[in-house]
Structures are given as C-alpha cells and as structure tokens.
Amino acid sequence: MEASQFQHLKNGKRHWITQFLSLFMGGHVADTLTVYSIFLHRMNPRMNNPAENKIVLMRRAKGFTLLELLVVMVIIGLLAGYVGPKYFSQIGKSEVKATRAQLDAFGKALDQYRLDTGHYPSTEMGMNALMVKPANEPKWDGPYLTKALPADPWGNAYQYRQPGEHGDYDLFSYGKDGQAGGEGENADINNW
C-alpha cells in the first residue's frame, strides 16, 4: 500500500479505525504500523516536525522536577518524624528490660552464693565475690556467674549493698543518667 491510498483516512476517524482494525486483523503488520504512524501524526500535529519530537522526548527524559523531589522529601520527612521517635523509645525500653534481666540473674547468683556459704557477700566484698573466691570463705563453690561481671547497658557499674535497706541486699542501677533518682530512662532500676 502506498501513502496515497491512506489519504482517505484523513477524512474521518471512523473510517480510519475500521481500516486500522482490518489491516491489523488481516496480519499485515507493516501496513498496520504505517496506518498507526499516520494516525499519531494526525492526532498530534507537533509530531510532524522531527526537531520538536526530539525536544519533547528530551523534556520527558531529563528526570524529576523540583516539585516531585520536594514532595518525596516531605513524605520522607513525615515518615522519619513519625517512625523515628517510636524507634528510639523502643531502644530505651530495651535497655531497661536488659537491666532488669541482668539484675534478676545477679539475684539468682547471689541466692546461690548464700545457699553455699550461709550468707550474702558483704558490701565490701561486693559482687566480685561471685566470680573470685574471698580469702576467708571455705564453703565458696563458685564462680556463680558464667561471664565476667558486666556493666549496665549505659556503661555504669551495678550497685550492691548488704545489708540492704529494702531486703537482705539491695541491687540496683542508677539508670541512663548514672545518678540517684530520675524519671523515665533516667529512673533507678532495682531488685525490690
């Protein structure tokens, strides 16, 4: 088919669509593509000029607009503002839970020490008596901890007093701030 045969397609859309479908269904792929390109040029007059076609394609291929980037940045900022505080509050809660778990393990080790020796270690001996045999302790059957005595999750030493003010012994951590008292993550964590 020649381009002159498609001249009648410019007269109306209905005739063009019928012609296009008959060519497509008939299996004439080359004729179908020719008709389709004529249709595109007819529907969009800017496509008749190849120089304008390149400009249009270059505008589309440049990338994101400033507005699109700003929208994405706002969305990321909103997500960070919503998720960030929740994430960091969970970290603080996990440190408190780890401290409570360590205090519980130390309490069990101290109880085992008492069962073996008949008394808890004094404040002077401290919790080191759980790892190293005191000089005058013949019934000591330790070590009572499998690993070296750790610091609390904030890097501070655990506090031990015997006799305790709240029980046989007091075992506690000063919390995140490392000082007595406080609220939230700075609150003292204890065994009583």
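Below is a short write-up of the structure.

Each value, and the rule that gives it
Residues numbered from 1 in each chain as written. Predicted model: local features only at pLDDT ≥ 70, side-chain atom pairs only at ≥ 80, totals over all residues. Heavy atoms only, no water. Phe/Tyr/Trp six-rings, centres within 6.5 Å; stacked < 30°, edge-to-face > 60°. Buried < 20%, exposed > 50% of the residue type's maximum accessible area, 1.4 Å probe, protein only. Patch = residues over 30% accessible without salt bridge, like charges linked within 9 Å, V, L, I, M, F, W, Y side chains within 5 Å. Areas by Shrake-Rupley, 256 points an atom, 1.4 Å probe, with all protein chains shown as cover. Salt bridge = Lys/Arg side-chain N within 4 Å of Asp/Glu carboxyl O. Helix = DSSP H or I, 4+ residues; strand = E, 2+ residues; numbered from the N terminus.

Some thoughts on the packing of aromatic side chains
Move 1: One pass over the full model with this rule turns up 6 aromatic pairs.
Move 2: Ring geometry for tyrosine 160 and tyrosine 169: centres 6.1 Å apart, planes at 35°, overall tilted. Exposure class is identical for tyrosine 160 and tyrosine 169. Each is buried.

Some points on a nonpolar patch on the surface
Move 1: Judged by side-chain polarity, Tyr82, Val83, Tyr87, Phe88 and Ile91 come together as a nonpolar surface patch covering roughly 550 Å² of accessible area.
Move 2: Here tyrosine 87 shows up in helix α4 (residues 66-117).

Things to note about unusual backbone geometry
Move 1: In this chain, glutamine 162 is followed by proline 163 through a cis amide linkage whose omega measures 5°.
Move 2: Position of proline 163 among the secondary structure elements: in the loop between β1 (159-161) and β2 (170-173).

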